[in-house]
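Here's the letter readout for the chains.
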Amino acid sequence: MDTGGLRRAYEAVLAEVDAGGFGPPADGELSAEQIVAHLAANDELLSEATEAVLAGSPFAYYDLETIHRPQLDALVSECGGLDGLAELLRDTSQKLCVLADRLGPAAETPVDTVLREGFDLDVDESLPWGRALDLHTRVHLPMHLAQLRALRTHLHPA
């Protein structure tokens, strides 16, 4: 499995986070801090699933859309805000990339996968694990990158 795209997707998200300057989200949307918390928590699940695949264990992966805002807010508080969350995301994404580098033929291992993010991503089936990571790379991360960018472009002048 080529993890170069995964690393580049994380680099783009982290560069956006480092640029900062985010405004408040629209009603019902996630804040920049909540988006980064979601991605870091999701990385932990992806890493657990990847470790299970590498160990030859059966595993089911469920995306964290079901995690509620209080849990995200607790993670934001625990990390002390956006800078701490960015550091956490650097760590979790690095761990996931290192694990993904090790997959090799195991990337073809089928994993029961549930991914739901708005209207852009709706998967509930057994997928080769490499394909699930590819969806994370090509759909999930870019979607949240766009959300971060929108938080900056929708700043209202005083």
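Before any of the text, the structure's been laid out above.
This structure is a prediction, so every number in the text was calculated from the model and none was measured.

**Remarks on helix α5 (residues 129–153)**
- Taking 1.5 Å of rise per residue, the 25 residues of α5 would be expected to cover 36 Å, and the 35 Å separating its terminal C-alpha atoms lies within 8% of that figure.
- The largest bend along α5 measures about 35 degrees and falls at H136.

**Concerning the nonpolar core**
- With 45 residues, the main nonpolar core has V13, L89 and W129 as its most contacted residues.
- When residues of this core are assigned to their parent elements, the largest contribution, ten residues, is made by helix α2 (residues 32–55).
- Dropping the residues within four chain positions of it, L89 is found in contact with Y10, V13, L14, V36, L39, A40 and D43.

**So, the packing of helix α3 (residues 69–79) against helix α4 (residues 82–101)**
- Closest axis-to-axis distance for the α3/α4 pair is 7 Å, and the angle between their directions is 100 degrees. Relative to α4, α3 is oriented roughly perpendicular. Touching L75, V76 and C79 of α3 are G84, L85 and L88, all from α4.
- Split into classes, the residues belonging to the contact of α3 with α4 amount to five nonpolar, one polar and no charged.

**Details of empty space enclosed by the protein**
- Taken as a whole, this structure holds one cavity of 30 Å³ or more when the rule is applied.
- Taken as a whole, the largest cavity encloses approximately 40 Å³ of empty space.
- Lining the largest cavity are N42, L46, Y61, L115, L121, A132, L135, H136 and H140.
- Those elements that provide at least two residues to the lining of the largest cavity are α2 and α5.
- Looking at which element gives the most residues to the lining of the largest cavity, the answer is α5, with four residues.
- Each residue belonging to the lining of the largest cavity can be placed in one class, and the counts come to six nonpolar, three polar and no charged.

Calculation criteria
Residues numbered from 1 in each chain as written. Predicted model: local features only at pLDDT ≥ 70, side-chain atom pairs only at ≥ 80, totals over all residues. Heavy atoms only, no water. Helix = DSSP H or I, 4+ residues; strand = E, 2+ residues; numbered from the N terminus. Expected span 1.5 Å × (residues − 1). Bend = angle between axes of the 7 residues up to and from the residue. Core = buried A, V, L, I, M, F, W, Y, C linked by side-chain atoms within 4.5 Å. Buried < 20%, exposed > 50% of the residue type's maximum accessible area, 1.4 Å probe, protein only. Contact = heavy atoms within 4.5 Å. Axes fitted to C-alpha atoms, helices over the stretch in contact; angles between N-to-C directions. Parallel < 35°, antiparallel > 145°, perpendicular 65-115°, else oblique. Nonpolar A, V, L, I, M, F, W, Y, C, P; charged D, E, K, R; others polar. 1 Å grid on protein atoms, 1.4 Å probe; cavity = no way out; pocket = protein on both sides within 12 Å on 5 of 7 lines; lining within 4 Å. Points joined across faces, edges and corners; volume = space filled by probe spheres on them.

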